[in-house]
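# Geometric and topological summary
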Amino acid sequence: AGDKIYFITPLRHDPYAAFRRSAEIGSDDSVPLQEAVRGVAGSGDTVDYRGKEVVANWQYLPSLRWGMVVKIDTEEAFASIADQRDRSISLAAISLFGVLFVAILVARSISSPVVNLTNVAERIAEGEIDIQAKVETSDEIGTLAGAFNVMTAQLREFIATLEQRVAERTKAQETVAEIATAVATIPDLQEMLERMVHLTQRGFGLYHAHVFSYYEDTQELRIVACGYQEGDEHEGTHGMTSIPFGQEQSLVARAARNREAVIVNDVRNEPGWLPNPLLPDTRAELAVPLVVGDTLLGVLDVQAAHLDAFTNAEANIQTTLAAQIATSMQNLLQFESTQKVAADLSVVAEVGIATATITDKDQLLQEVVDLSKKSFNLYHAHIYLMNEAGDALDLTSGAGEVGRTMVAQGLSIALDREQSLVARAARTHEGVVVNDVTQDANFLPNPLLPETRAEMAVPMIVAGKVLGVLDVQAETVGRFTDIDVNIQTTLASQIAVALENARSFEKTEGRAEQALKLNTITQKIQAADTIEEAMQVAARELGHALGKRQTMVSLNPSALKIDSERTSNE
C-alpha cells in the first residue's frame, strides 16, 4: 500500500500480525518480503522481524499482487545438523555417514512442505482459487498452509459477492436507462412525472415512490405524482400534500435544503422522519433532490417496507435517475413557459383588437375586464382609475355581476394607503404580486371575493403618467409568475393607450358638438329682425343646449333705443 508492505496472515511468533504489522519499502526490515512484492523469487539466509537468522523462500503472486515468504529459524532448521556435527567430532569417522543420512532426512522434511506450498501459491497465482494446500505439520509451515486455505476461501466468497454486486448494479443502471427512455418523449410535465414514479416503483421493487415539486414563491414542496404498489387502493393518486421548505421533521425538506441524498434505513428510530398515514409499512426511505445547475426543481422520494434497504450504491443510482428526470422537467417547464407566453400574448393581442374600435371609455374598460377574466382564466379582474386630484384610485369597472356591484358601491382607495396592492402598484409604477394573500399583511380583502388566494396589480401608464391600475385575482396559491407580470404589464399599457385615445376622442367629440350647437344658435339669432327677438332666440336655444328649463337675458335700455333708431332710418 504505497510505501508500505502489510502482512495479511498471522505469524508464528506474532499471531495478531495480519493487517497490523507492516514494513517500510527500502528499509532493512523483511527484505525477502520486499523482494517478493517487487516480483523477485528466491531463497536464502536472512534476518527476520525478530532479528533472528532464518532460512527463507520467497515468491511473487502476480494475480493477487501479493508477496509470499516461507521461512524457518536457522537455529531450528539446523539444530539436528549441529548436534550431529558435534557428535561426529567425538565419534569421528564412524558417525559421519549417520549424520549425513539424518541431515538429508531433515532437509527433505523442511523443503518438501515448502515446495508443496510454493506450488499451491503458483497455481493460485494462475487463477486456480479452488485449490487447497495440504496441512501436513503443525509448525509454522502448517500454520501458513492453513492461512492459505482460509485466504482462498475468502477470495472465492469475495469474487462471488463482487459478481453479484456488479450484476445488481448493471441491472439498476439498465432500469434507470429504461425509465429515462420511456419518459423522454412525453410532452406533458404532469404525465411525465406520473409515468416516472410508476416505473420507478415497479422497476426497483419499492414500497412507494413519489416526487415533490419545489415552489420558490411559497417556499414549499408539494407532491405532484405518486407511485404506489400495484393493487394499492391509492394507486395513481397523490393528493395535495405539501411540506414547508424549512420543515425540520422531514427527510424530503432536508434533501432539498442540503441538495444531497438523505438515507434513513430505520425510519421509526429517526427523529427527523415525517410519517405518512397512507404509507404505514414504510421502514426505510431515500430522498434525492432534483437539481439542474443551481436550480432546485423538487425531490424524488422512494420508500421500502424493510429495514436497511438503501446503501450508498442505491443512493447513487437514484441520484443518476433524479439528474435525468430533473433535466427533462426543466426542458418541459421551459417549453410550457414558452407556450404560455405565446398564448398569453395572443390573448393580449385579441383584447387589443377587440377594444381598438371602442371609443366609449366605460364600455372600453368593461370589455377589457370581462375579456381578461375569461381569456386568462382568472377568478376576477377589475380596473381602478386615478381621480382628477391624483390622490385616490376609483373603481371604474369590474368583471361580471360582482364587478358591477363593486363599481356601484363607489369603492375608492387612497393613493397613500399602505394596506393595498393597488395603491402600491400606482405609487411604485411597478407590478405587485402576492401569491398567498392570507400571508400578506398588505392584502385588502373584499367580502364579495372570498375565494381570492393570489393577486396581481399592474399600473396603467402613458408617457410616465399613471392613469390607473389593472388588478387581477386567482383562486389558487402561487398562480402568478414574473412572466405573468410582464404579460399583464403589456396589456395594461395597451389599455392605458386605448383609454387615453377614448378620452381624447370624447373631448374632441364634445368640442365638435359644442361648435355645431353654437353655429346653429348663431344662425337663428342672425335670422331675428330685432334685438329683442334675437335675445329670445338666444335664451331659448342656450337653455336647450345647456339643459336648463329657464334662461334669462338682460339688456341695457340704451341698446334697444339705438336699435329702434336704426330701424326707423331704414
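Preceding block: the structure.
As a starting point, this report considers the structure included with it. Bear in mind that the values here come from a model prediction, so they are computed numbers and not experimental data.

## A short note on the sheet that holds strand β9 (residues 262-264)
One open sheet accounts for six strands, arranged β8-β7-β6-β11-β10-β9; its pairing is antiparallel. Every interior strand has two partners, whereas the edge strands, β8 (242-244) and β9, have only one. Recorded for the sheet is a direction-independent mean angle of 20° between the axes of neighbouring strands. Of the strand pairs in this sheet, β9 and strand β10 (residues 284-292) are connected by three bridges, and their pairing is antiparallel. Opposite I263, over in β10, you have L286 as the bridge partner. Contacts between helix α6 (residues 189-203) and the sheet are confined to β6 (208-215), β7 (220-228) and β11 (295-304), with β7 contributing the most and set at about 55° to the helix. Here helix α7 (residues 251-258) sits on the sheet and contacts β6, β7, β8, β9, β10 and β11; the angle it forms with β10, its principal contact strand, is near 35°.

## Regarding the pattern of salt bridges
One pass over the structure, following the stated rule, counts eight salt bridges. E24 is paired through a salt bridge with K4; the nearest N and O atoms lie 3.9 Å apart. With E24 in strand β2 (residues 22-24) and K4 in strand β1 (residues 4-6), the pair connects residues that are 20 residues apart, well separated along the chain. When its relative accessible area of 30% is taken as the criterion, K4 is described as partly exposed. Between E220 and R222 there is a salt bridge; the shortest N-O distance is 2.8 Å. Note on accessibility: E220 and R222 belong to one class, buried.

## Some remarks on a negative patch on the surface
Taken together, the side chains of D188, E191, E194 and E336 present a region of like negative charge at the surface. Its location among the elements puts E336 in helix α8 (residues 312-355).

## Re the nonpolar core
Ranked by size, the top nonpolar core spans 35 residues in total, and within it L193, M196 and L290 carry the most contacts. For this core, the leading source of residues is α8, giving eight residues. Membership of the second largest hydrophobic core comes to 32 residues, among which are V347, V458, A492 and A498.

## Section: the sheet that holds strand β5 (residues 66-73)
The strand order β3-β4-β5 describes an open sheet built from three strands, whose pairing is antiparallel. Only two strands of the sheet have a single neighbouring strand rather than two, namely β3 (42-47) and β5. Adjacent strand axes in the sheet meet at a mean angle of 30°, parallel and antiparallel pairs treated alike. Note that β3 and strand β4 (residues 53-61) share six bridges and pair antiparallel. Each residue of the ladder has a partner; that of T46, found in β4, is V54.

## Here's the deal with the environment of T405
Structurally, T405 can be placed in helix α10 (residues 400-408). According to the relative accessible area criterion, T405 is partly exposed, its value standing at 37%. Distance in space between the C-alpha atoms of T405 and L448 is 8.9 Å, their sequence separation being 43 residues.

## Quick look at α7
Taken together, the buried positions of α7 are L251, V252, A253, A255 and A256. Its side-chain oxygen placed 3.3 Å from the backbone nitrogen of V252, S250 serves as the N-cap of α7. Looking one or two residues past α7, R259 carries a phi angle of roughly 55°, positive in sign.

## Observations concerning the environment of F376
Mapping F376 onto the fold places it in the loop between α9 (361-375) and β12 (380-386). Accessibility expressed as a relative area gives 7% for F376, which makes it buried. Along the primary structure F376 and V348 are separated by 28 residues, whereas in three dimensions their C-alpha atoms are 9.5 Å apart.

## Some details on the packing of aromatic side chains
The tally for this structure, following the rule as stated, stands at one aromatic pair. Ring centres of Y214 and F245 lie 5.1 Å apart, and the angle between their planes is 40°; this geometry places the pair in the tilted category. Separated by 31 residues along the polypeptide, Y214 in strand β6 and F245 in the loop between β8 and α7 bring together distant segments of the chain. Judged by relative accessible area, F245 falls into the buried class, the value being 18%. In this structure, R222 packs its charged tip against the face of Y215, placed 3.8 Å from the ring centre.

## Points about the pairing of β10
Most of β10 sits out of view: eight of its nine residues are buried. Here β10 runs beside β11; their pairing, made up of nine bridges, is antiparallel. For L286, the partnering residue across the bridge sits in β11 and is V302. Linking β10 to β11, which pair antiparallel, is a turn of two residues; within it G293 sits at a positive phi near 65°.

## Here we look at the pairing of β5
When a strand is regular, its side chains alternate between the sheet's two faces. In this sheet, β5 lies alongside β4 in antiparallel orientation, the contact comprising eight bridges. Bridge pairing in β5 places L61 opposite W66. In sequence, β4 turns back onto β5 through a hairpin of four residues, with R65 there showing a positive phi of about 60°.

## Brief notes about the side chain of N435
Looking at where N435 falls in the secondary structure, it is placed in the loop between β15 (432-434) and β16 (454-462). Relative accessible area serves as the criterion here: at 11%, N435 is assigned to the buried category. N435 has contacts with D217, R453, A454, V477, G478, R479 and F480, leaving out every residue within four places of it along the chain.

Calculation notes
- Residues numbered from 1 in each chain as written.
- Predicted model: local features only at pLDDT ≥ 70, side-chain atom pairs only at ≥ 80, totals over all residues.
- Heavy atoms only, no water.
- Pairing = 2+ DSSP bridges.
- Helix = DSSP H or I, 4+ residues; strand = E, 2+ residues; numbered from the N terminus.
- Axes fitted to C-alpha atoms, helices over the stretch in contact; angles between N-to-C directions.
- Contact = heavy atoms within 4.5 Å.
- Salt bridge = Lys/Arg side-chain N within 4 Å of Asp/Glu carboxyl O.
- Buried < 20%, exposed > 50% of the residue type's maximum accessible area, 1.4 Å probe, protein only.
- Patch = residues over 30% accessible without salt bridge, like charges linked within 9 Å, V, L, I, M, F, W, Y side chains within 5 Å.
- Areas by Shrake-Rupley, 256 points an atom, 1.4 Å probe, with all protein chains shown as cover.
- Lys, Arg positive; Asp, Glu negative; His and termini not counted.
- Charge placed at Lys NZ, Arg CZ, Asp CG, Glu CD.
- Core = buried A, V, L, I, M, F, W, Y, C linked by side-chain atoms within 4.5 Å.
- Polar contact = N/O pair within 3.5 Å; in protein donor to acceptor, adjacent residues only side chain to side chain.
- Phe/Tyr/Trp six-rings, centres within 6.5 Å; stacked < 30°, edge-to-face > 60°.
- Lys NZ or Arg CZ within 6 Å of the ring centre and 35° of its normal.

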